[in-house]
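Chain residues, written in single-letter form:
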Amino acid sequence: MPNEINSNGVRTRAGKTAGIDPLDRKILGELSRGTDVGYAELGERVGLSAPAVHERVKRLRASGVIKNTVAIVDGPAIGKPLLAFIHVDTTGWGKTAGLMDLAALPEIEEVHSVTGDTCMMLKVRVASSVALESLLAKLYDLPEIRGTRTYVVLSTYLERPPQPEITEDLLHPPALKPAG
């Protein structure tokens, strides 16, 4: 396939945080808010020297913790104001070659295999409702697509990349409340 997208590397690597210490998390936290900062300023923010921060960032890149450094683009500013989530039901189990071929379209931002009442979930950003309808038509042209449910976003209150901090309270089950 000419535009084949290998999604195997996208899978979550649960539990692979053994090499991340609290200083690494501080550095990652600062970088997740913006990478347009030099090593000297980053070092001041986290309490390390510029060379020490540089070495840590280099190690985080080499280990794959930092996947890439990219510009986060504003959808409406580039002519794609309509954000939607499409739940896709397929024959068989989730990911299909046809669906992954469609993932080469720049309007498709994310493709996830999910649990629940659907097989796959797509995050898409398009120019208009007409463009969304055309994208849905492309999906329905695939023989393995049984159905879709589309949720158009009206407002976005929070959108951000993964955050390195961990909320300790979420790591423990909530205490049972006594009945009565």
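Residues numbered from 1 in each chain as written. Predicted model: local features only at pLDDT ≥ 70, side-chain atom pairs only at ≥ 80, totals over all residues. Heavy atoms only, no water.

Draft legend 1. Structural detail: the overall build of the protein chain. What the protein chain contains, in helices and strands, is 5 helices and 4 strands. The order of helices and strands in the protein chain, counted from the N terminus, is α-α-α-β-α-β-β-α-β. Taking the contacts inside the protein chain whose residues are at least 6 apart along the sequence as the reference set, 67% of them involve residues at least 24 apart. Element-wise, carbon and sulfur atoms account for 57% of the exposed surface of the protein chain, whose accessible area totals about 12500 Å². (Helix = DSSP H or I, 4+ residues; strand = E, 2+ residues; numbered from the N terminus. Contact = heavy atoms within 4.5 Å. Areas by Shrake-Rupley, 256 points an atom, 1.4 Å probe, with all protein chains shown as cover.)

Draft legend 2. The packing of helix H1 (residues 22-33) against helix H2 (residues 39-46), seen in detail. Their axes nearest at 10 Å, the elements H1 and H2 cross at an angle of 125°. One element, H1, and the other, H2, form an angle in the oblique class. Pair H1 / H2 crosses with right-handed handedness. Of the residues in H2, those touching H1 at Leu 23, Lys 26, Ile 27, Glu 30 and Leu 31 are Leu 42, Arg 45 and Val 46. (Axes fitted to C-alpha atoms, helices over the stretch in contact; angles between N-to-C directions. Parallel < 35°, antiparallel > 145°, perpendicular 65-115°, else oblique. Left-handed = near helix turned anticlockwise from the far one by under 90°.)

Draft legend 3. Broad picture of helix H5 (residues 129-140). Given a rise of 1.5 Å per residue, 12 residues ought to cover 16 Å, and the 16 Å separating the end C-alpha atoms of H5 matches this to within 8%. Buried residues of H5: Leu 132, Leu 135, Leu 136 and Leu 139, and no others. Along the long axis of H5, the arc covered by the buried residues comes to 100°, so they all point the same way. Of the residues in H5, the exposed ones pointing more than 90 degrees away from the buried face are Val 130 and Glu 133. For H5, the secondary structure elements touched by its buried residues are strand E1 (82-90), helix H4 (97-102), strand E2 (108-113), strand E3 (120-126) and strand E4 (145-152). The backbone nitrogen of Val 130 lies 3.3 Å from a side-chain oxygen of the residue at the head of H5, namely Ser 128. (Expected span 1.5 Å × (residues − 1). Buried < 20%, exposed > 50% of the residue type's maximum accessible area, 1.4 Å probe, protein only. Arc of directions from axis to C-beta. Polar contact = N/O pair within 3.5 Å; in protein donor to acceptor, adjacent residues only side chain to side chain.)

Draft legend 4. A look at the packing of H1 against helix H3 (residues 50-62). Orientation of H1 relative to H3, taken along the N-to-C sense of each, is 85°, at an axis distance of 11 Å. Comparing the axis directions of H1 and H3 gives the class roughly perpendicular. Between H1 and H3, the contacting residues are Leu 23, Asp 24, Ile 27, Leu 28 and Leu 31 on the first element and Arg 56, Val 57, Arg 59 and Leu 60 on the second. Here the residues of the contact of H1 with H3 are counted per class, giving 6 nonpolar, no polar and 3 charged. (Nonpolar A, V, L, I, M, F, W, Y, C, P; charged D, E, K, R; others polar.)

Draft legend 5. How the structure looks around the confidence of the model for the protein chain. Averaged over the protein chain, the pLDDT score is 88; the fraction of residues at 70 or greater is 89%. Here H4 stands out as the least confident element of the protein chain, with mean pLDDT 89; H5 is the most confident, with 97. Below pLDDT 50 for its whole length, residues 1-7 participates in 9 contacts with residues either more than four positions away or in separate chains. (pLDDT = per-residue confidence, 0-100.)

Draft legend 6. Structural detail: the pairing of E1. Buried residues dominate E1, accounting for 8 of its 9 residues. Strand direction decides the pairing type here: E1 and E3, joined by 7 bridges, are antiparallel. Bridging from a neighbouring strand, Ala 84 pairs with Val 124 of E3. As judged from the 7 bridges shared by E1 and E4, these two strands associate in the antiparallel manner. (Pairing = 2+ DSSP bridges.)

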